[in-house]
Amino acid sequence: MFLTEEQITTYKNNGFVLLDEYFSRTEIELMKAELPALFAEETSKRVLEEEGNTVRSVHGSHTTNEVFRRLSRHPRLVLPAMHILGSKVYVYQFKINAKAAFSGDVWEWHQDYIFWKKEDGLQTPRVTNALVFLDEMNELNGSLFFMVGSHKEGMIEVKARNFKEISGESKVNDSSWKSSFTAKLKYSLNQKMIADLALKYKIVSIKALPGSVLFFDSNIVHSSPNNISPFDRSVVIVTFNSIENIPSTVDNPRPDFLVSRDFRPIEPLSDNALLIQSVS
Ligand code: SIN
Ligand code: MN
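Residues numbered from 1 in each chain as written. Chains lettered and ligands numbered in written order. Predicted model: local features only at pLDDT ≥ 70, side-chain atom pairs only at ≥ 80, totals over all residues. Heavy atoms only, no water.

Student: How should I be thinking about the pairing of strand 3 (residues 55-59) in this particular structure?
Tutor: For a regular strand, the rule is simple: side chains alternate between the two faces of the sheet. Most of strand 3 is tucked away: 5 of the 5 residues are buried. Bridge count for strand 2 (residues 46-48) against strand 3 is 3 bridges, and the pairing is antiparallel. Pairing of Arg 46 across the sheet is with Val 58, part of strand 3. Two successive antiparallel strands, strand 2 and strand 3, enclose a turn made up of 6 residues, where Gly 52 displays a positive phi of approximately 85 degrees. By the bridge criterion, 3 bridges tie strand 3 to strand 4 (residues 89-97) in an arrangement that is antiparallel. Looking at the pairing, Val 58 lines up with Ile 96 of strand 4. (Buried < 20%, exposed > 50% of the residue type's maximum accessible area, 1.4 Å probe, protein only. Helix = DSSP H or I, 4+ residues; strand = E, 2+ residues; numbered from the N terminus. Pairing = 2+ DSSP bridges.)

Student: Where do I start with the sheet that holds strand 9 (residues 213-217) in this structure?
Tutor: To summarise the sheet geometry, strands pair through backbone hydrogen bonds and adopt either a parallel or an antiparallel arrangement. The strand order across the open sheet built from 7 strands is 1-9-6-11-4-3-2, with neighbouring strands paired in antiparallel fashion. Here the strands that pair on one side only, and so sit at the sheet edges, are strand 1 (16-19) and strand 2. Adjacent strand axes in the sheet meet at a mean angle of 20 degrees, parallel and antiparallel pairs treated alike. Here helix 1 (residues 5-14) sits on the sheet and contacts strand 1, strand 6 (127-133) and strand 9; the angle it forms with strand 1, its principal contact strand, is near 140 degrees. (Axes fitted to C-alpha atoms, helices over the stretch in contact; angles between N-to-C directions. Contact = heavy atoms within 4.5 Å.)

Student: Teacher, can you tell me more about unusual backbone geometry here?
Tutor: Note: most peptide bonds trans; most residues except glycine with negative phi. In the Ramachandran plot, Lys 99 falls in the positive-phi region, its phi being about 40 degrees despite a non-glycine side chain. In this fold, Lys 99 is placed in the loop between strand 4 and strand 5 (107-110). Exposure remark for Lys 99: the relative accessible area of 3% places this residue in the buried category. The phi torsion at Asn 252 lies on the positive side, around 50 degrees, for a residue other than glycine. The class of Asn 252 is exposed, set by a relative accessible area of 69%.

Right, here's the structure in full:
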């Protein structure tokens, strides 16, 4: 269940590695069956698109939903994450991105780590994302764009976007964390930076079938356009942090459903964990 040497080399060189059809269609259908109820819950963990109707993302479902709790502890995610990071891991962040048919909005060009460093006090980028495809992703439905190898730049300093521009509100409030998840991201790279980076790093568009898993580096430069196709493009992103990289304390910490502070190392479940009646 660990990655092969070739897969690790690909991850280190390119900043990502795609594992095709890694979960079965049955496992994916079990996860997808949970989405309507999760998307319908009117909680602060849910972020809507700017038009105010469509669900953009739902956060922290690994602590409230049994299927996603098991996914976050699944050996097919946890063991490669341990291999990549070289230590035991815990779940740092868990989100479901809906990117709904016709309405799913853009994710601007950004790196992930800058959010975690600036907002949460995460000391180093020793953290990895495991993205599970619940739907097919291709050039039609708002595919992810990666700049291959751009993680080697390290964290690129960018100016935080003005809070009022993101939220339309003048004062920081309990929902201010949403500025990291709307279509106007707090830390996005400007057009000049992207044009310069594109001279060095090739841009690729990710294509994957449901059940595939994409591990990607927290400093890779990435984005995705809006989804004007009639096809949903939902993904789950589980971010694993090394237990040797516990964040420092910050003023105005973001809510626990965004940044887990349960630092206990994960003991992976059995490989059939999503399919059996009960697990401990
Ligand atoms: C992300 O950058 O975290 C999400 C991108 C996407 O779902 O397209
Ligand atoms: Mn991202």
